[in-house]
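# Breakdown of the fold
Chain residues, written in single-letter form:
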Amino acid sequence: MSGLENLPYFALKLQEQFLARKARNKRYSLRSYAQFLEINPGTLSAIIKGKRLVPLQEAAKVMHKLSLAPKDQEQFLLSLGVNKPPAESSYKLDPSRYAVLFDEWEYFVILAVFRLADFKSTTAWIANKTGITEARVDECLEVLQNLQVISRKGPTWERNHKSLYSPHDIPSRSLQQAHLNSLELARQMISRVPVTERDYSFLTVALDEKRFKKLKKLTLKFRDDVFALDEQSKKGQLYRVNLQCFPILTPRPK
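Calculation criteria
Residues numbered from 1 in each chain as written. Predicted model: local features only at pLDDT ≥ 70, side-chain atom pairs only at ≥ 80, totals over all residues. Heavy atoms only, no water. Helix = DSSP H or I, 4+ residues; strand = E, 2+ residues; numbered from the N terminus. Buried < 20%, exposed > 50% of the residue type's maximum accessible area, 1.4 Å probe, protein only. Contact = heavy atoms within 4.5 Å. Areas by Shrake-Rupley, 256 points an atom, 1.4 Å probe, with all protein chains shown as cover. Salt bridge = Lys/Arg side-chain N within 4 Å of Asp/Glu carboxyl O. pLDDT = per-residue confidence, 0-100. Phe/Tyr/Trp six-rings, centres within 6.5 Å; stacked < 30°, edge-to-face > 60°. Lys NZ or Arg CZ within 6 Å of the ring centre and 35° of its normal. Pairing = 2+ DSSP bridges.

## Here's the deal with the overall build of the protein chain
Assigned secondary structure in the protein chain consists of 11 helices and 4 strands. Burial status across the protein chain gives 31% buried among its 254 residues. Long-range contacts, defined here as pairs at least 24 residues apart, represent 60% of the contacts in the protein chain between residues at least 6 apart. Accessible area for the protein chain stands at about 16900 Å²; split by element, carbon and sulfur atoms hold 53% of it.

Rendered as C-alpha cells:
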C-alpha cells in the first residue's frame, strides 16, 4: 500500500494495525481484519484507501477494537468530520427498539427541557415550557420511563443518558418519520414565528460525489458545534434545528 501520507487519519490507523497483524501472520487477510472489526470487507477496503468514511454509528466500536488511546480517538473522529468525541454518557437509540420516539415529535422536545438549569419535574412546568398538553406530557413521560430513557428518583425526573444519538446513513422508516415531523414543524412555524426570531435559508449548489461527501461531513461538524452551544447554555427557549441537503432530481430507476 502506498501514498499513506495522503490518507486521512482514520484510514492511517486502520492500515497501521492491518499491516502490523499481517507482519505477524503473512496469511492474515483483509477479510479476516474485516471480520475482526465487524465491517463488510468491501466497505473496509474502501475505508482504508480513504475512499469512504467509517460510518459514524460504527466509529465507537472500531476505536474500541483498535484499542485507541483517548488522544488517538479524538484525531480519529476529527478525521471523520466529527468535532469532538462523543461523551461516555452518549447512548445510541436503535430505531427498531425506540421507534415511538422517532414517530412522534414530542418526545425529543420533552427530553430537551431536562437539560435546562431551571427544569422542574412537574407535568405543568414541562407543558408550559413546551406547549404540549399536560395529558400528553404524562403519556410521553410514562413511555420514556418504560423505555428506560428517563427515571424517577423521588420527586425528580432525570435523564439516564446525558446525550442521545441515532444511527447515521441507514434506511429506517422511523427515522424517515422523524425527519417528516421536523419538516412539518418547520412548515407550521414559518408563518407563526416572526422573521426576526427564526432563520430559514437555502442554497442550490452543483456538487460532484466527492464534494457532496464533504458537504455531509460539514453538516455533521455543524451539528456537533450546535450541540456544544446547547451544553454551554442552560436557559432560554427550545429551538429545533433542521439540516437538509438532497438532490433536486430524484434518480430514475435503472
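## Topic: the pattern of salt bridges
Overall, the coordinates contain 10 salt bridges when judged by the stated rule. Lys61 is paired through a salt bridge with Glu38; the nearest N and O atoms lie 3.8 Å apart. Here Glu38 lies in the loop between α2 (30-37) and α3 (41-48) and Lys61 lies in helix α4 (residues 56-66), a separation of 23 residues in the sequence. Between Glu38 and Lys65 there is a salt bridge whose closest N-O contact spans 3.3 Å. Placement of the pair is Glu38 in the loop between α2 and α3 and Lys65 in helix α4, with a sequence separation of 27 residues. In the salt-bridge network here, residues are joined through shared partners; they are Glu38, Glu58, Lys61 and Lys65.

## Considerations on the environment of Leu207
When you line up the elements, Leu207 lands in the loop between α10 (173-192) and α11 (209-232). Contacts of Leu207, omitting those with residues within four sequence positions, involve Phe212 and Leu215.

## Points about the confidence of the model for the protein chain
In this model, the protein chain carries an average pLDDT of 81, and 86% of its residues clear a pLDDT of 70 or more. Across the protein chain, the element-wise mean pLDDT spans from 67 in strand β1 (residues 90-92) up to 94 in helix α9 (residues 134-146). pLDDT under 50 marks residues 85-89. Its contacts with residues more than four places away, or in other chains, come to 6 contacts.

## Focus: α4
Buried residues of α4: Gln57, Ala59, Val62, Met63 and Leu66, and no others. One or two steps after α4, the chain reaches Ser67, where phi turns positive at roughly 55°.

## Quick look at the packing of aromatic side chains
Summed over the entire model, instances satisfying the criterion amount to 7 aromatic pairs. Relative to Trp125, the ring of Phe119 lies with its centre 5.5 Å away and its plane at 90°, an arrangement referred to as edge-to-face. An identical accessibility class is assigned to Phe119 and Trp125; each is buried. A cation over an aromatic ring shows up here: Arg21 above the ring of Phe36, its NZ or CZ 4.0 Å from the ring centre. The ring of Tyr200 has Arg198 sitting right over it, with the charged end atom 5.0 Å from the ring centre.

## So, the pairing of strand β2 (residues 150-153)
Looking at chain direction, β2 and strand β3 (residues 156-159) are connected through 4 bridges and run antiparallel. The residue bridging Ser151 from the neighbouring strand is Glu158, located in β3.

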